[in-house]
Number of protein chains: 2
Amino acid sequence: MKGTTVDTLTTYKEHLKEMNIISSALALLSWDQETHMPPHGITARSQVSGRFAKHLFKLAIAPELGETIEALAADSSLTIEEQASIRDIGKQYRRQKAIPSEMIEEHAIIRSQAQAAWAEAREQSDFAVFQPLLTKMVDYSRRFADYYGYEDHPYDALLEEYEPGMTVEKLQAVIEPLREQLVPFLRRLATEGTPPDTTPIEGSYAVDQQRELARVALQLIGYDFDAGTLDDVAHPFTTAIAFDDVRVTNRYLENQVTSGLFGALHEGGHALYNQGMPENLYDLRLDGGSSNGIHESQSRMIENLLGRGLPFWTYFQPVLAEIFPQFRDISPEAVYRAVNVVTPSFIRVEADEVTYNLHIMLRAELEAGLIAGEIQVADLPERWNEAMDRYLGVTPPNDALGVLHDVHWSVGYFGYFPSYMLGNLYVSQMVTKIRQDLPNLDERIAAGDVLVLIEWLKKHVHQLGAVYQPDELMTRITGQTLDSSHFIRYVEAKYSDIYGLT
Amino acid sequence: MKGTTVDTLTTYKEHLKEMNIISSALALLSWDQETHMPPHGITARSQVSGRFAKHLFKLAIAPELGETIEALAADSSLTIEEQASIRDIGKQYRRQKAIPSEMIEEHAIIRSQAQAAWAEAREQSDFAVFQPLLTKMVDYSRRFADYYGYEDHPYDALLEEYEPGMTVEKLQAVIEPLREQLVPFLRRLATEGTPPDTTPIEGSYAVDQQRELARVALQLIGYDFDAGTLDDVAHPFTTAIAFDDVRVTNRYLENQVTSGLFGALHEGGHALYNQGMPENLYDLRLDGGSSNGIHESQSRMIENLLGRGLPFWTYFQPVLAEIFPQFRDISPEAVYRAVNVVTPSFIRVEADEVTYNLHIMLRAELEAGLIAGEIQVADLPERWNEAMDRYLGVTPPNDALGVLHDVHWSVGYFGYFPSYMLGNLYVSQMVTKIRQDLPNLDERIAAGDVLVLIEWLKKHVHQLGAVYQPDELMTRITGQTLDSSHFIRYVEAKYSDIYGLT
């Protein structure tokens, strides 16, 4: 390596270190705001967080950062981790630089207003209250797409933010077969299938014990409490405050033991991804994971593939019964079946494995249409309800349970939704490979050896952080890019069995 | 006000705002470190906190700050709050500028080593392990005193940090009568008095319920949970993260219900001081309070004057009995007497009202001697034990329970100890005035109206923050500067009664 490269690299890493310091403070300020901060603390907190966010943004578009990125961009003497860092930080630099600064400030103001309008509209179940601001938010995202640039479809420019390399074309290639298979399969379940008995899991569950159950579940999957915490919140999330400080949050519903348990497993899956990365990936700011979709795959892997599987319940039913004795005489299989009931509903976050992706497809199609200018904001409520009926066979009785029920659009997260679906698809594709590598996986999970799965994930996914982009990562792991057939096979086999389809 | 003053003042306040942003982040980072941070988070956290501490220090000695201070120093068109801010920020600026920067860095390194050596020495109960580093720490403080400057005694320069205006001479004027009265009074209690029965408070107390008790006690004194939190820690403290975000921490011992309760009242007293200040005092960085001693007076007011008084227990015994039914048949007076047993011990933080100040006098005298060069570090263990015997009538069996048991010297807090004693003296002097203003205070407290006391404190102390220095504040409130006779009368009357001295 040349001397100048060494110096430039040092400058680059020092700059990232400064960004990491601010990011870590911001992550803590934000975590605290959701978990422990007293309500009146919000005024001062907004000022502190706002100032640091601005500082971080300045660092992200600093000209001296741009210079080091340019100098190092084509330097093949760098490690692959360093090259990946230059790739991602460079991309972020160019995207943030692309937007005129006054537009960023305008957007922030409109976003605050849009969030407030959305909350009010949802409360009143009146889309008209949100419509003018949503129109503005869509307009901003369309202009952002133009500034970012794209080849085929403006939505591609937004997808890139959350799922590097993803395009409308690729998305359609996975959505098409999903739609063709899943929609009729869901109809078959409803008309020909016998739903599992859910009474075994119905009841009332003390929150203190649910918290204990969540803790036990997190320990089982190898979540390291010496490098993390579990706290209560209204809307669960996982956050990496820093290397070796990755925190899970969760919530508990008195009448639904599964909500808190699967929530903990889901967030625990995210946390394992971050706990499994070496420190140098944090230093290089590669700790965000390969993509939102790959991150989601790790949470879904733990929540669904593991937590909603029969082998897990073979081991876990006695654990559950120790904390909640009412489960003592309920068989693992009865619990397994009860937690896998399929219920088309209006609410995405409560959706089961079969219907979840249908919720996402609906949103992705509407988003792409909005950004392309093919769908008008005013038509959204009708479009939403029509698609809900077509995909899920249910029609929301009002806008609060329909077009208004997700927060994402009010904060301008256009392009984010597909990651949720992609996560599910990545899981199934990885599992095909995992079952080849670990032919006795089910037996080992049933014996409580969950860590055999976690070790595999750590080796093939977690420890690589954001070094590889999703397509490359999936190819390295499975030999092919994304293919939704794995998911379709998984769902059809599992739910045909549970619903007694022949 | 002249136009230039307005501009300079705006610049000054903007600079303080920047300092407040960093201070708030630092306070949260530190609070989190003690309350929720997982153990492995410490490495990254030290880097983040260290970077912010450095940044704050830079802001505190920034030349542009020095210029605004100079320009505004003699400007009588400023409000008294603004003048007080210029006074305090200016003093901090001059003191921090006075020390050569390389010396500050050396000191930080030696301090880390001294803390480690102290911990090891205490563990091994071997002063020799700590002695070389303590010698260095004393030497640094002596040199700091020279840089800060003083008129009569080098220790004055250090006292100034914690107790503005305090000097060795003034300290001796309050310590002399204390020593003359308290030491023989303690002997009389031991030889002629009948100790109260402590069995009523002995027992085992579930920590969850103690936490609930602490919460109830904090609510009683008017601590605002909408602007604060209560969390568990190993070493309790109170911290103002920002205006309207003042957090209390506490700890609970299974076998001592009083420890957690008085701890909560003590920290609650500190917190009320900060919750009682208006926002502009935070903006002007006057939220630290008049001095460490005045801050301590507010915690001691709640812990001792209120919490260890008979009127409080008249109201609170049924409250206690509701949470811990074993107190149902124990009279308020029996609890009152039990919580006021006097026990000369080796440990300052566990000391009662009679012996507490004796612990502090001992430390203050040794510190002043060390800083003046009249006492050698090597002689400390012997000096300590001799003074313990002379003041308290007990001799520590080893250095861990003797000269090594406080952390303060290892972190260089020379000049800090006297504030603990001064707090107790300020309380009694204030109480003389409070009883004049509120002649039926005891009856109202006994009826549960604790807020009548808190309102008085808010009006005369809390809402003023650091606007007035201790001497001025005490003169405004009581008509005289510090006078230890109030404390002596209080202690002699209360404990003569409890111990049946005639």
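Criteria and cut-off values
- Residues numbered from 1 in each chain as written.
- Chains lettered and ligands numbered in written order.
- Predicted model: local features only at pLDDT ≥ 70, side-chain atom pairs only at ≥ 80, totals over all residues.
- Heavy atoms only, no water.
- Least-squares fit on C-alpha atoms with pLDDT ≥ 70 in both.
- Contact = heavy atoms within 4.5 Å.
- Pairing = 2+ DSSP bridges.
- Helix = DSSP H or I, 4+ residues; strand = E, 2+ residues; numbered from the N terminus.
- Axes fitted to C-alpha atoms, helices over the stretch in contact; angles between N-to-C directions.
- Buried < 20%, exposed > 50% of the residue type's maximum accessible area, 1.4 Å probe, protein only.
- Arc of directions from axis to C-beta.
- Buried area = accessible area lost by both parts, 1.4 Å probe.
- Salt bridge = Lys/Arg side-chain N within 4 Å of Asp/Glu carboxyl O.
- Phe/Tyr/Trp six-rings, centres within 6.5 Å; stacked < 30°, edge-to-face > 60°.
- Lys NZ or Arg CZ within 6 Å of the ring centre and 35° of its normal.
- Polar contact = N/O pair within 3.5 Å; in protein donor to acceptor, adjacent residues only side chain to side chain.

A. Expanded view of the relation of the copies chain A and chain B. When chain A is fitted to chain B, the best match, at an RMSD of 0.0 Å, comes from turning it 180° and sliding it 0.0 Å along the axis. The two molecules are tied by a two-fold rotation axis, judged by turn and shift. Closest to the rotation axis within chain A is the C-alpha of A25 of chain A, separated from it by 3.5 Å. The residues that chain A uses at the interface reappear at the interface of chain B in 100% of cases, marking a shared surface.

B. Local environment of the sheet that holds strand β2 (residues 238-242) of chain A. Residue and element names in this part refer to chain A. Strand order in this open sheet of three strands is β1-β3-β2, and the pairing throughout is mixed. Of all the strands in the sheet, just β1 (230-232) and β2 have a single pairing partner and so form its edges. Between one strand axis and the next, the sheet turns through 30° on average, direction left out of account. In terms of strand pairing, β2 meets strand β3 (residues 245-250) through four bridges, oriented antiparallel. Note that in β3 the partner of A240 across the bridge is V246. Lying on the sheet, helix α9 (residues 207-220) is in contact with β1 and β3; it crosses β1 at an angle near 150°. Along the sheet, helix α10 (residues 257-275) makes contact with β2 and β3, crossing β3 at roughly 165°.

C. Structural view of helix α20 (residues 470-478) of chain A. Residues and elements named next belong to chain A. Among the residues of α20, P470, L473, M474 and I477 are the ones counted as buried. In a view along the axis of α20, the buried residues occupy a sector of 95°, so they form one face of it. The secondary structure elements touched by the buried residues of α20 are α12 (292-306), α17 (417-437) and α19 (451-460). Remark: G479 follows α20 within two positions and exhibits a positive phi of approximately 85°.

D. Structural detail: the interface of chain A and chain B. Contacts between chain A and chain B engage 35 residues on the former and 35 residues on the latter. Each partner contributes to the roughly 2,800 Å² buried at the junction of chain A and chain B, and carbon and sulfur atoms together form 60% of this total. Among the residues of chain A in contact with chain B, I21, H40 and R51 of chain A are the three that bury the most area, contributing 21% of the side total. Here chain A is connected to chain B by six salt bridges. For R45 of chain B, the salt bridge is made with D245 of chain A, and the minimal N-O distance between the two is 3.7 Å.

E. Local environment of the packing of aromatic side chains. On inspection of all chains with the given rule, the structure shows 37 aromatic pairs over all chains. When the centroid spacing of 5.9 Å and the interplanar angle of 20° are considered together, the rings of Y205 of chain B and F327 of chain B count as stacked. With Y205 of chain B in the loop between α8 (168-192) and α9 (207-220) and F327 of chain B in the loop between α13 (310-323) and α14 (332-338), this pair connects stretches of sequence that are 122 residues apart. Judged by its relative accessible area of 0%, Y205 of chain B is buried. F327 of chain B sits in the buried class, given a relative accessible area of 0%. Members of the aromatic cluster, connected to one another through ring pairs, are Y162, W384, W409, Y413, F414, Y416, F417 and Y420 of chain A. The ring of Y391 of chain A has R390 of chain A sitting right over it, with the charged end atom 5.0 Å from the ring centre. A cation sits over an aromatic face here: R363 of chain B above F417 of chain B, 5.4 Å from the ring centre.

F. Highlighting the side chain of S290 of chain A. Residue and element names in this part refer to chain A. As for its position among the elements, S290 is in the loop between α11 (279-283) and α12. The class for S290 is buried, based on a relative accessible area of 6%. At 2.7 Å, the side chain of S290 forms a polar contact with the backbone oxygen of Y468. For S290, the contacting residues outside a window of four places in its chain are P164, Y273, G465, A466, Y468, Q469, P470 and L473.

G. View of the sheet that holds strand β3 (residues 245-250) of chain B. Residue and element names in this part refer to chain B. Pairing is mixed across the open sheet formed by three strands, whose spatial order is β1-β3-β2. Of all strands in the sheet, those with a lone pairing partner are β1 (230-232) and β2 (238-242), marking the two edges. On average, each strand axis in the sheet is inclined to that of its neighbour by 30°, with strand direction left out of account. Relative to β3, β1 runs parallel, the two sharing three bridges. Residue pairing across strands places D232 opposite N250, the latter belonging to β3.

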